[in-house]
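In case you want the letters, here they are:
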Amino acid sequence: MRRSFDWRLIMAFVRTTLVRAALAAVLLSVSSTTLFASCGSAMCPMDPHSLNLPLPRQFTLDFSFQYIDQDQVRIGRRDGTVGEIPSSHDEVRTLNRAAGFLVNYATSDRLVLSAFVPF
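Read on for an overview of the structure. Just so we're clear, the structure is a prediction, and the values are computed from it rather than from any experiment.

Observations concerning a nonpolar patch on the surface
Nonpolar side chains collect at one region of the surface, where F59, L61, F63, F65, Y67, L95, F101, V117 and F119 lie side by side and expose about 1,000 Å² of accessible area between them. A relative accessible area of 46% places Y67 in the partly exposed class.

Right, here's the structure in full:
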């Protein structure tokens, strides 16, 4: 028994695959450009308390104190010197002290209400 192929379907599949590959290549080339940080990594947007989730209809309370002393110039993964990257100012040191009180309440296993009060 002889099989027949629908070449139109095969060509449509190949075109779709090529378009997806080209789009992926463009996105990778755009995202691999050099990035520069502004003031160090002292204030990370990821909440370290996110794993302290309450069970449904329960509260969690947290008091935290954060002390970060950034006194070493870094450019990427290597040591740098002050003024090596041209800028309108040269940041020599960043000292962060932050304290805060976090309250979480889980209304269900799908919804958690949070409030953070810095002081």
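Text resumes after the structure shown.
Considering the sheet that holds strand β1 (residues 59-70)
Read across the open sheet, the 3 strands follow the order β1-β4-β5; overall the sheet is antiparallel. Either end of the sheet is taken by a strand with one partner, and the two such strands are β1 and β5 (112-118). Across the sheet, the mean angle separating the axes of adjacent strands is 20° when strand polarity is ignored. Of the pairings in the sheet, the one linking strand β4 (residues 94-106) to β5 comprises 7 bridges and is antiparallel in character. Across the sheet, residue V103 finds its bridge partner in β5, namely A115.

Some details on the side chain of N104
On the secondary structure map, N104 appears in strand β4. Within polar-contact distance, the side chain of N104 engages the side chain of S114 at 2.4 Å.

Here is what the cut-offs are and how they apply
Residues numbered from 1 in each chain as written. Predicted model: local features only at pLDDT ≥ 70, side-chain atom pairs only at ≥ 80, totals over all residues. Heavy atoms only, no water. Patch = residues over 30% accessible without salt bridge, like charges linked within 9 Å, V, L, I, M, F, W, Y side chains within 5 Å. Areas by Shrake-Rupley, 256 points an atom, 1.4 Å probe, with all protein chains shown as cover. Salt bridge = Lys/Arg side-chain N within 4 Å of Asp/Glu carboxyl O. Buried < 20%, exposed > 50% of the residue type's maximum accessible area, 1.4 Å probe, protein only. Pairing = 2+ DSSP bridges. Helix = DSSP H or I, 4+ residues; strand = E, 2+ residues; numbered from the N terminus. Axes fitted to C-alpha atoms, helices over the stretch in contact; angles between N-to-C directions. Polar contact = N/O pair within 3.5 Å; in protein donor to acceptor, adjacent residues only side chain to side chain.

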